[in-house]
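# Observations on chain architecture
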Amino acid sequence: MNPVDAGNRGDPSWAGVEAPLVVGYEFAGEVVEVREPADGTAVGDAVWGLLPVRGTRWGAYADGVVCDAGLVSTRPPALAAAEAAALPLAGVTAMQLLDRLSPERGEWVLVHGAAGGVGHLFCQIAHARGARIAAPASAARHELLRELGVEVVVDRRDPGAIRVARELAGGDFAMVADLVGQGPLPASLDVIAEGGRAGSIVELTGDYEEAIDRNVGIHGVLVRPHRAALDALGEFVQAGALRVVLDEVLPLEQAGRAHERVESGSGQGKVVLTV
C-alpha cells in the first residue's frame, strides 16, 4: 500500500482514470497464465511487479492481476512475498530519483521523509551508492535511520533542524531530496551548495527564487515502471544493501483499516495486504 492509493480512492482523475476502479500499483505472486510472447515469463514463476501510476484502472487490490509481461520480473529469492510486494513502487521511485540527482561518492544529501515508505529505501540505496546522508526525523525514528546508514539525524521538531543538519554535515549539501512535500524543499534551498541539485516526488509548491539565485537544478520524478528497473532493484536486495521495513501486514478484506493506517502518517515502513 501507498499514500497514492488513498488519494486515488478519493479522486482518481489525476491518474487519468475514473470510477469504477481498483486501486494499487505493486504486487508479488505467482504466474498462473501467460499469452505468447511473454518475454521469458512462465507459468509458476514467482514474480513481483509494478503497474503504471497513470492510466491503471484495474490495480493490485485483487486476487489476480493481468498486466504486460514487461511490468513483472523474477522475484529476488531473498524476499518473501509480503516483502516483495512492498518494494517496487517505493524502491523504483527511490532509484529513479537518485538517478536524477546522480550523487558522487562522498557527497552529502539532505533527505526529508527519510523514515517513510520511499525514504527508508532511498537512504539505503543512496548509502550503497556512496552518498552521505542527513535527515530531520522524529526521535522515535532516529535509531532506525542510523541503522539504514544515515550519518546525521536531527530532531525535525526543532525550528532550526535544517541549519543544525548543515552544521553537523560540515557545510552546504550537494543535494536535497523531498519525499513529503508541504514546504521542506523551499525551506532547504539556502543550504544547497551553489549549482547543487534538488529532487521531489511530490507536488512542487512554494517560493523557488533561491534556487534560481543559487543555480540549483530541481528534478520532479514520477516513477516509470519496467522490468529493467525491477531487476536493478533486485540487485540491491541480493547484494544485501536493501531491506524493506514492514509496518503491518493485513488481509485484503481489511483494506479500509490499512488506508486509515497509511493516512495517519504514524507508521514506520510499509503496509501490505495479503490474499
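Quick look at the structure, then. Quick caveat, the model's predicted, so the values are computed rather than measured.

Secondary structure summary: the chain contains 10 helices and 11 strands in total. Taken over C-alpha atoms, the radius of gyration comes to 19 Å for the chain, in line with the 19 Å a tight globule of 275 residues would show. Each principal axis of the C-alpha atoms in the chain carries an extent, and together these give about 55 × 40 × 35 Å. Here the chain holds 275 residues, and 49% of them are scored as buried. When contacts within the chain are restricted to residue pairs at least 6 apart in sequence, those whose partners lie at least 24 apart make up 62%. For the chain, the computed accessible surface area is about 12800 Å², with 49% contributed by carbon and sulfur atoms. Distance between charge centres in the chain, computed from 23 positive and 37 negative side chains, equals 2 Å.

Their axes nearest at 9 Å, the elements helix α3 (residues 88-101) and helix α4 (residues 119-128) cross at an angle of 50°. Comparing their axes, α4 and α3 come out oblique. In the packing of α3 onto α4, the handedness of the crossing is right-handed. From α3, Ala90, Gly91, Ala94, Met95, Leu97, Leu98 and Leu101 reach across to α4, where they touch Leu121, Phe122, Ile125 and Ala126. For the contact of α3 with α4, the residue count by class is 10 nonpolar, one polar and no charged.

Glancing now at the side chain of glutamine 124. By the element assignment, glutamine 124 lies in helix α4. The exposure class of glutamine 124 is buried, given its relative accessible area of 6%. Within the structure, the side chain of glutamine 124 is placed 2.8 Å from the backbone oxygen of histidine 120, a separation counted as a polar contact. Discounting residues that sit within four places of it in the chain, glutamine 124 has contacts with Leu148, Ala241, Leu242 and Arg243.

Okay, the sheet that holds strand β2 (residues 46-50) next. Spatially, the three strands line up as an open sheet ordered β1-β2-β3, and their pairing is antiparallel. The two strands at the open ends of the sheet, each matched to only one other strand, are β1 (26-30) and β3 (72-74). For this sheet the average axis-to-axis angle between neighbouring strands, irrespective of direction, equals 25°. Looking at chain direction, β2 and β3 are connected through three bridges and run antiparallel. Residue pairing for β3: tryptophan 48 is matched across the bridge by serine 73. Against the sheet, α3 engages β1 and β2, with an angle of about 60° to β2.

Thresholds, definitions, all that
- Residues numbered from 1 in each chain as written.
- Predicted model: local features only at pLDDT ≥ 70, side-chain atom pairs only at ≥ 80, totals over all residues.
- Heavy atoms only, no water.
- Helix = DSSP H or I, 4+ residues; strand = E, 2+ residues; numbered from the N terminus.
- Rg over C-alpha atoms; globule rule 2.2 N^0.38 Å.
- Buried < 20%, exposed > 50% of the residue type's maximum accessible area, 1.4 Å probe, protein only.
- Contact = heavy atoms within 4.5 Å.
- Areas by Shrake-Rupley, 256 points an atom, 1.4 Å probe, with all protein chains shown as cover.
- Lys, Arg positive; Asp, Glu negative; His and termini not counted.
- Charge placed at Lys NZ, Arg CZ, Asp CG, Glu CD.
- Axes fitted to C-alpha atoms, helices over the stretch in contact; angles between N-to-C directions.
- Parallel < 35°, antiparallel > 145°, perpendicular 65-115°, else oblique.
- Left-handed = near helix turned anticlockwise from the far one by under 90°.
- Nonpolar A, V, L, I, M, F, W, Y, C, P; charged D, E, K, R; others polar.
- Polar contact = N/O pair within 3.5 Å; in protein donor to acceptor, adjacent residues only side chain to side chain.
- Pairing = 2+ DSSP bridges.

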